[in-house]
Amino acid sequence: MGIAGNLKEINKEIHHACLKTNRDPADVKIIAVTKYVSKERAAEAIEAGITHIGENRDDGFLEKWEALNGRAAFHFIGTLQTRKVRNIIDKVDYIHSLDRLSLAKEINKRANAPVKCLVQVNVSGEDSKHGISASDTFEFIEKLADFKNIRVEGLMTMAPLTDDEEVLRACFRNLRVLRDRIQEMGLAHSPCQELSMGMSNDYTIAVEEGATMIRIGTALVGEK
Ligand SMILES: *Cc1c(COP(=O)(O)O)cnc(C)c1O
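As the structure is a computational prediction, the values presented were derived from the model and not from experiment. (Residues numbered from 1 in each chain as written. Predicted model: local features only at pLDDT ≥ 70, side-chain atom pairs only at ≥ 80, totals over all residues. Heavy atoms only, no water.)

**Quick look at the packing of aromatic side chains**
For step 1, the next point in the chain: The final tally for this structure, using the stated rule, is two aromatic pairs.
For step 2, the next point in the chain: On the basis of an interplanar angle of 75° and a centroid distance of 5.8 Å, the ring pair of Phe61 and Phe74 is categorised as edge-to-face. Residue Phe61 is located in helix H3 (residues 58-68), and its partner Phe74 is located in strand E3 (residues 73-76); the two are separated by 13 residues in the primary sequence. This pair shows no difference in class: Phe61 is buried, exactly as Phe74 is.
For step 3, the next point in the chain: Ring centres of Phe61 and Phe76 lie 6.0 Å apart, and the angle between their planes is 50°; this geometry places the pair in the tilted category. Of this pair, Phe61 sits in helix H3 while Phe76 sits in strand E3, placing them 15 residues apart in sequence.
For step 4, the next point in the chain: Given a relative accessible area of 0%, Phe61 falls into the buried group. (Phe/Tyr/Trp six-rings, centres within 6.5 Å; stacked < 30°, edge-to-face > 60°. Helix = DSSP H or I, 4+ residues; strand = E, 2+ residues; numbered from the N terminus. Buried < 20%, exposed > 50% of the residue type's maximum accessible area, 1.4 Å probe, protein only.)

Following this line, the structure appears as structure tokens:
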């Protein structure tokens, strides 16, 4: 199936998940993750109606941005090395992978205006995953108040690699609870509205649990 057909299918799933949980589908942004595909394929996604593009490496990010900037918002979703920050900082609309103070410091230094960031949380506690632990999130976000160019728009997580629906659901639910608690702190630098969670294999569960941004690669644009 082409991208337009895939998108139609994904939108149908989103509507269904929203109907089940009394949500407005307009509150769910689809980020097309184009890391496996060419810039031509990414352009096709935009032609099909996609308005958000996600990349997880600086070279892929720059390639797609150079070809398509102005036609979509650009999200950096992967682990961001501190020394790569300056390559993307004046081009990126959202950084989903803020997970350490050294990175916040570099973003703050290189940016000319507040950058929309999501704090990456390792909800499942798996060693292999990047992100800070749920219990460290509060203190981390409080410390970010020192950086005038960091704005915490929300939280992001990668669910564990499993087909176990209950494990996935618990992961997403825990991130939502954390987001709600951070919102209640009422921090000026951290409105924390967004929940970036759900990928090709688990986005319907993520939407049911409150995702506002889903990051979809394979199911939307394919793998290569
Ligand atoms: C690759 C990637 C995705 C998309 O993965 P799919 O399973 O292809 O949908 C989402 N988020 C991050 C951080 C990724 O690196």
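**Topic: the nonpolar core**
Soluble, globular proteins show a tendency: their nonpolar side chains are buried together.
For step 1, the next point in the chain: Counting 67 residues, the largest nonpolar core has Leu98, Ile107, Val119, Leu144 and Leu220 as its most contacted members.
For step 2, the next point in the chain: Discounting chain neighbours no more than four positions away, the residues touching Leu220 are Ile3, Asn6, Leu7, Ile10, Ile30, Ala32 and Ile50.
For step 3, the next point in the chain: Within the second largest apolar cluster, five residues are counted, among which are Tyr94, Leu118, Met156 and Met213. (Core = buried A, V, L, I, M, F, W, Y, C linked by side-chain atoms within 4.5 Å. Contact = heavy atoms within 4.5 Å.)

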